[in-house]
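Each chain, written out:
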Amino acid sequence: MSIKPARTRIAPSPTGHMHLGTARTALYDYLLAKQTGGQFILRIEDTDIKRTVAGAEQEIMDGLRWLGLEYDEGPDIGGKFGPYRQTERREIYQHHAKILINNGNAYPCFCKPDELEKKRQEQMKRKENPRYDGKCRNISPDEAAKRIANGEAHTVRFKMPHDGITIAHDHLRGEIKTENKQLNDYVLIKTDGLPTYHLAAIVDDHEMQITHVLRGSEWLGTFPLHVNIVRAFGWEEPIWIHLSVFLKPSGKGKMSKRESAQAMKDGYSIFIKDMQELGFTPEGVLNWSALMGWGVAEDDVLNMNQMIERFSIDSLTASPAAINFQKLDHFNATHIRLFTTVDLATRLKPYFTREGLTVDDDTLLKIIPLIRERLTTLDDCIAFGAFFFKEEVSPNPEDLIAKGLDAKQSAEVAKKCLEILSSLPSIDHASTESPMRSYVEESGLSPNQIFGILRVAVTGQKVSPPLFESMEIIGRETCLKRIENAIDLLSKM
RNA sequence: GCCCCUAUCGUCUAGUGGACUAGGACGCAGCCCUUUCAAGGCUACGACCGGGGUUCGAAUCCCCGUAGGGGCACCA
């Protein structure tokens, strides 16, 4: 369905951890670019030096790559339209600010921060909208030049028209009309010579030939400003798409530090780096976040190729979406079940080794079919499979006692199991099941009681993958040893 | 306070004037399967924010409320 190649960009600020919202916007950017045969670009918006956090840029790049959102151009790989870090583009913005000054759409401002702050306070006291009063709007170019030459600190402000209305067009919301008197003479270049977002983003999007700007709806307020800046340059506008924000699970407000901490306690996070550590998969995270804000009627389990195929900016939704972590679990588990055995084994191995276990690859491959459908997150493999890689297990003695039996009776059951199993040359699934079933029949006990004792003895836990298959993988000697140990434990009670 | 955006099951959403007894997914409840836990299958419960219009006809278009969200920086 592609018309012409789209160039899209994700333009995060390196001010903290990479957020879920960034990931979703990047996903949509990526899908649009790939679908149309265009390019997806990473641009770092680091013009606020005070807020820049060391390592944040790397985290963004790592996060995008982990998600599989490979960018075609970016700070670490370059590209035709670089540099891709705004602090390295200072002259470009200076140049463009001059263009605006020269064509009467911007002016130098010499007002001091404290004096502006004072005015703002007064305006608020008078219940007026805090707005720049235009003091420097009409300083003559000659005088301005002189003061600049004298080294007087100054900013550059956009000269917003006082009259009329600005009509901006958002692809999801249609025409957004704003009275110009509501708008402000925003600062374009700060005293430190670096641009604000308003100038930098507009200039870069144009210079980098971005065709579709996808960003959060928090930019809707300054959207008319941006449109005015584009028009002041006489440039063609990109297609603007303001995505809805994510709300906390209750739907009341954005995720705050408090909710983030609570989520972390529950084993969830809205930070990409955390999600990776918590055992979520790129496939799960992508599928989940994609559907918050993108209306897919049916068949909503999608991989990257399917998303690329089906994505459309026309089916994006404008209303805010409450985060639902249960649904993340669902998508994560669903994608885990879709992985091939080898793929899943590769992904699981780090979680086992992180736990200090030595992983034998053959064993790992064998246990995948047993644990796959039991995993919600990748790190669940510890709960379901750690005992395969341990020399010994240490069951809770209480757990060895079957329901309705006492320790002595349970020990008798364990002994009988040991007797049956040790008489077999091998305890593979095929040869163990039948004699064990016969024993259940004769004993008058339930499968639950007998297999329960055996399960705890062999795996060390009450909940495990299927018993006979597990014993086969653990091996005859180890199984018998573990049952003996269980008998020992029971007889001491 | 001012400006902007949004409004369908608890949640994410489909729906673009008649095909709607409003569809799907998550969750929840029940049943089946079953040696535990899952997975799987089946069934149930569950929504058009309110009020006015427009129209033969409105979830769908308009207006007014209401609610929620976002913004009002030399931050992005």
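Use the structure listed above.
Here the structure is a predicted model, which is why all the values come from computation and not from measurement.

Engineer: Hey, could you go over the protein's contact with RNA strand B for me, with residue numbers and the actual values?
Structural biologist: Near RNA strand B you find 66 residues, and of these Arg173, Lys190, Thr191, Arg374 and Arg455 are the closest. Per the 4 Å cut-off to the protein, sugar and phosphate atoms form 70% of the nearby atoms of RNA strand B. Thr317 is positioned such that a nitrogen or oxygen atom in its side chain is 3.2 Å from a phosphate oxygen of RNA strand B. Here a base nitrogen of RNA strand B sits 2.6 Å away from a polar atom, N or O, in the main chain of Ser464. Of all the secondary structure elements, the ones that give two or more residues to the surface near RNA strand B are helix H4 (113-125), strand E4 (155-158), strand E11 (321-322), helix H12 (325-338), helix H18 (447-459) and helix H19 (467-474). Of the residues in the surface near RNA strand B, the class split is 27 nonpolar, 19 polar and 20 charged.

Engineer: An account of the nonpolar core is requested, with residue identities and associated values reported.
Structural biologist: Ranked by size, the top nonpolar core spans 54 residues in total, and within it Leu64, Leu67, Trp288, Trp294 and Leu316 carry the most contacts. Secondary structure elements with two or more residues in this core: helix H1 (20-36), strand E2 (39-42), helix H2 (56-67), strand E9 (239-243), helix H9 (272-277), helix H10 (282-290), helix H11 (304-310) and H12. Broken down by element, this core gets its largest block of residues, nine residues, from H1. In contact with Trp294, other than residues within four places in its own chain, are Tyr28, Leu31, Leu302, Met307, Arg310, Phe311, Ser312, Ser315, Leu316 and Thr317.

Engineer: For the pattern of salt bridges, give the residues involved together with the corresponding values.
Structural biologist: On inspection of all chains with the given rule, the structure shows 36 salt bridges. Residue Arg51 is joined to Asp48 by a salt bridge in which the shortest nitrogen-to-oxygen separation is 3.3 Å. A residue is classified by how much of its surface remains accessible, and Asp48, at 24% relative accessible area, is partly exposed. Residue Asp361 is joined to Lys349 by a salt bridge in which the shortest nitrogen-to-oxygen separation is 2.8 Å. Separated by 12 residues along the polypeptide, Asp361 in helix H14 (residues 361-371) and Lys349 in helix H13 (residues 341-354) bring together distant segments of the chain. With relative accessibility at 29%, the residue Lys349 sits in the partly exposed group. Each of Arg9, Arg43, Glu45, Arg89, Asp204 and Asp205 takes part in a single network of salt bridges with overlapping partners.

Engineer: Which residues make up the packing of helix H3 (residues 90-102) against helix H6 (residues 197-207), and what values go with them?
Structural biologist: For the pair H3 and H6, the least separation of the axes is 10 Å and the interaxial angle reads 100°. On the basis of the axis angle, H3 is roughly perpendicular to H6. Residues Ile92, Tyr93, His96 and Ala97 of H3 form the contact with H6, whose own contacting residues are Leu199, Ala200, Val203, Asp204 and Glu207. Split into classes, the residues belonging to the contact of H3 with H6 amount to six nonpolar, one polar and two charged.

Engineer: Can you break down the side chain of Thr36 residue by residue, with the values?
Structural biologist: Here Thr36 shows up in helix H1. Since its relative accessible area comes to 9%, Thr36 is described here as buried. Polar contacts involving the side chain of Thr36 include one to the main-chain carbonyl oxygen of Leu32, which spans 2.8 Å. A polar side-chain atom of Thr36 sits 3.3 Å from the main-chain carbonyl oxygen of Ala33.

What counts and what doesn't
Sequence order as written defines residue numbering, which begins from 1 separately in each chain. Here chains are named by letter from A upward and ligands by number from 1 upward, in the order in which they appear as written. The model is predicted, so local features are restricted to residues of pLDDT at least 70 and side-chain atom pairs to those at 80 or more, both for listing and for counting; the totals for chains, interfaces and linings are taken over all residues. Excluded from the side-chain calculations are hydrogens and water; all other atoms, namely the structure's heavy atoms, are used. Think of it this way: one heavy atom of a residue within 4 Å of a molecule or strand is enough to make that residue near it. Here a polar contact is taken to be a pair of N or O atoms separated by no more than 3.5 Å, where protein atoms must pair a possible hydrogen donor with a possible acceptor and residues adjacent in sequence count only if both atoms sit in side chains. Secondary structure elements follow DSSP: runs of H or I no shorter than four residues count as helices, runs of E no shorter than two count as strands, and numbering proceeds from the N terminus. Any residue that is not Ala, Val, Leu, Ile, Met, Phe, Trp, Tyr, Cys, Pro, Asp, Glu, Lys or Arg is counted as polar, Gly included; the first ten are nonpolar and the last four charged. As used in this record, nonpolar core signifies buried Ala, Val, Leu, Ile, Met, Phe, Trp, Tyr and Cys residues forming a set joined through side-chain atoms within 4.5 Å. Using a 1.4 Å probe on the protein chains alone, a residue whose accessible area is under 20% of its type maximum counts as buried, one over 50% counts as exposed, and one in between counts as partly exposed. For this analysis, residues touch if any pair of their heavy atoms sits within 4.5 Å. Each salt bridge in this description consists of a side-chain nitrogen of Lys or Arg and a carboxyl oxygen of Asp or Glu lying within 4 Å of one another. Axis definition: a line fit to C-alpha positions, over the contact stretch in the case of helices; interaxial angles, taken between N-to-C directions, run 0 to 180 degrees. Any angle from 65 to 115 degrees is called roughly perpendicular, while one under 35 is roughly parallel, one over 145 is roughly antiparallel, and all others are oblique.

Keep in mind that these numbers describe shape and distance, not what the molecule does.
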